[in-house]
Amino acid sequence: MSGEEKKVLSVSLMTPTAQFSNDLADVLRIFWGVIDLRVNQPGGRVTVTHREEMSGDERTCEMELTGEATGFSRRSARISPDPLLEKRYHKRLIKQTLYDVMKRIAGAAPPWGSLTGIRPTRLIYEAMGRGLTLEEAAAETRALFDVRPDKAELLRQIVTVQTRIAEPRMNEVDLYVGIPFCVSRCAYCSFLSGEVGKGKQLPPYVDALEKEIAGILRLIDEKGLIPRAFYMGGGTPTSLDAGLLNRVLAAARPFIDRAREVTVEAGRPDTIDESKLLVIRDHGATRISINPQTMHNETLARIGRRHTTAQTEAAYALARRIGFHHINMDLIAGLPGEDEAMFRQTLLWSRDLAPESLTVHTLSIKRSSLLHLWEAQLPDGGMVERMVEAGRAEAAARGMRPYYMYRQKHMAGNLENVGYALPGHECVYNIDMMEETGHVLAAGAGAISKRVDPSIGRIERAPNVSEVSQYIDRAQEMLARKQALWAGNWREGPRPRPGADGA
Ligand code: SF4
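Bear in mind that the values here come from a model prediction, so they are computed numbers and not experimental data.

Reading guide: rules and limits
- Residues numbered from 1 in each chain as written.
- Predicted model: local features only at pLDDT ≥ 70, side-chain atom pairs only at ≥ 80, totals over all residues.
- Heavy atoms only, no water.
- Helix = DSSP H or I, 4+ residues; strand = E, 2+ residues; numbered from the N terminus.
- Rg over C-alpha atoms; globule rule 2.2 N^0.38 Å.
- Buried < 20%, exposed > 50% of the residue type's maximum accessible area, 1.4 Å probe, protein only.
- Contact = heavy atoms within 4.5 Å.
- Areas by Shrake-Rupley, 256 points an atom, 1.4 Å probe, with all protein chains shown as cover.
- Pairing = 2+ DSSP bridges.
- Axes fitted to C-alpha atoms, helices over the stretch in contact; angles between N-to-C directions.
- Domains from an automatic or database assignment.
- Buried area = accessible area lost by both parts, 1.4 Å probe.
- Salt bridge = Lys/Arg side-chain N within 4 Å of Asp/Glu carboxyl O.
- Near = heavy atom within 4 Å.
- Nonpolar A, V, L, I, M, F, W, Y, C, P; charged D, E, K, R; others polar.
- Parallel < 35°, antiparallel > 145°, perpendicular 65-115°, else oblique.
- Left-handed = near helix turned anticlockwise from the far one by under 90°.

Let's shift gears to the overall build of the protein chain. For the protein chain, the helix and strand inventory stands at 16 helices and 18 strands. Here the C-alpha atoms of the protein chain give a radius of gyration of 23 Å, agreeing with the 23 Å that 2.2 N^0.38 yields for 503 residues. Dimensions along the principal axes, computed over C-alpha positions, put the protein chain at roughly 65 × 55 × 45 Å. Here the protein chain holds 503 residues, and 56% of them are scored as buried. Here the contacts in the protein chain between residues at least 6 apart in sequence split such that 73% fall between residues at least 24 apart. Summing over all exposed atoms, the protein chain offers an accessible surface of approximately 20,500 Å²; the carbon and sulfur share of this is 51%.

This next bit is on the sheet that holds strand β4 (residues 58-67). Strand order in this open sheet of 5 strands is β2-β1-β3-β4-β5, and the pairing throughout is mixed. The outermost strands of the open sheet, each flanked by one partner alone, are β2 (35-39) and β5 (71-78). Each adjacent strand pair in this sheet contributes to an overall mean axis angle of 20 degrees, direction not counted. Here 10 bridges tie strand β3 (residues 46-55) to β4, and the two strands are oriented antiparallel to one another. By the bridge assignment for β4, T47 is matched with T66.

Of all 9 residues in helix α4 (residues 121-129), 8 are buried; the element is thus mostly enclosed. Within the sequence span of α4, burial applies to T121, R122, L123, I124, Y125, E126, A127 and M128. Turning to α4, the residues buried within the fold contact α3 (83-106), α5 (134-145), α6 (149-162), β14 (401-406), α15 (428-435) and β18 (458-463). Residue G131 follows α4 closely and has a positive phi angle near 105 degrees.

To continue, consider the domain arrangement of the protein chain. Parsing the protein chain into structural domains produces domain 1 (1-108), domain 2 (111-164) and domain 3 (172-485). Taking only C-alpha atoms, the centre of domain 2 and the centre of domain 3 are 26 Å apart. Listed by partner, the interface residues are 21 residues for domain 2 and 23 residues for domain 3. Across the domain 2/domain 3 interface, buried area totals approximately 1,700 Å², and carbon plus sulfur atoms make up 50% of it. Applying the counting criterion to the domain 2 and domain 3 interface returns 5 salt bridges.

Turning our attention to the site of the ligand. Around the ligand, the structure places C182, S184, R185, C186, Y188, C189, F191, G235, T236, R268 and R305. Considered class by class, the residues forming the shell around the ligand number 5 nonpolar, 3 polar and 3 charged.

Below, the discussion takes up the environment of C189. The residue C189 is located in the loop between β7 (181-182) and β8 (194-195) in this model. Its relative accessible area of 13% is what places C189 among the buried residues. Along the primary structure C189 and S369 are separated by 180 residues, whereas in three dimensions their C-alpha atoms are 5.3 Å apart. Look past the residues within four positions of C189 in its chain and what remains in contact with it is S368 and S369.

Right, let's get into the packing of α4 against α5. Taken N-terminus to C-terminus, the directions of α4 and α5 make an angle of 120 degrees; their axes are 9 Å apart at the nearest point. Classified by the interaxial angle, the pair formed by α4 and α5 is oblique. Pair α4 / α5 crosses with right-handed handedness. Of α5, the residues touching α4 (which contributes L123, I124, A127 and M128) are L134, A137, A138, E140, T141 and F145. Tallied by class, residues from the contact of α4 with α5 come to 8 nonpolar, 1 polar and 1 charged.

The next point concerns the pattern of salt bridges. Two side chains carrying opposite charge are able to pair once their charged atoms lie near each other. Per the stated rule, a full pass over the model turns up 47 salt bridges. Notably, a salt bridge pairs R392 with E389, separated by 3.4 Å at the nearest N-O pair. Note that R392 and E389 are positioned in helix α14 (residues 381-397) at a spacing of 3 residues, about one turn of the helix. Assessed through its relative accessible area of 30%, E389 is described here as partly exposed. What you see here is one network of salt bridges that share partners, running through R119, R122, E436, K450 and R461.

This is how it looks when you write it as structure tokens:
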């Protein structure tokens, strides 16, 4: 038995709705973190017994906990005649009933209440779609899901900024190009990114990308689509040398020239040099990312980021000298070995670098990360919350506004990741992605293309294979998947009011 198996709490969930067991597990994880869930199998250290009964048009749900934790709760709700809505309301009822008893047992209210989805802003849009004002929608979300007032206010602020930014029109499309290579693996990373090593795969990868991008551009022309935002991410696009970077950007140039926003992630400061930044600038990038995550060299070494604070400072100075006017900075609250004072030092230090946008992430430990492999534990949620609040205050002091957010599973303190920007520096691609409001054509290993019909909340995806050598061999097939995705005629519609996410 491994150390983790000994520590993890086993929970038997006895439920008549096994189809919702993952949703119920998400509620348990809000309070208990990692658990070993056994669906309809007795013998766990805690047993959750879920019962339901119907009476007329009402469903009553009961949750009873026995074993190492005990408690009981009951809730009722009307049954909707609309089968789709009914499924959502049914799930919501059982989650909230379990949340009630868990909250009583824990004696504490989590910041996001019973919400477990990654896009809480969707609830605001959904309520506004029913005719509520933004303020009413935020208040309803707070009351329905026990969201703390400061988090409901954060949602209100984000949607305020988003609704002032032109939403994607039905014929607009974003282009994403993925470079799934990094110079070393960061311990917290869960992306599908491999170490670049000697770089043998890079030239054939770029050959395949050029073909795929050319095919995407033909598809855009055939379908009468209009470029909106270009985003080159990864991985680390600046893992490519200047020559390869130039080839990829040149392939995408017809799109870039018509796009309203062009982002290239130059995430790792140790991959940046003048020749690469000149290539990026000369192809028209309006926004780059240079991401220190922390100013503390000992933390960087601990998490496997092979760069130093001095390299970050040099990269910012170089980018400014070359003429970049919008640099985004990513920081992470709760990195291993860091305390609140260290995070505050990072915030203060970042002032001098003066990024135009700042993304404050909360550490999460995903299964595919090295931290998970090392059996690292999440830091104290209260401490990370103070870090996140300090980040919010710092962004506000610099005149930045929160403009997008998302949550993840296994996050310290069940908090959130928030993007802040100076007015006019919001990244529309980030909003399009998080709100799933626009089409995306995506090139590269693991990249996912998306076609949306916001009028009915329909989203269809065409994923590329994620393994690099497979992608190199099958780039033509990836293109065919996108052509199939755009084969039918979809009707146009108004701005989306997406269905509730995870609620
Ligand atoms: S640089 Fe980014 S993508 Fe690459 S390993 Fe680190 S976190 Fe992951």
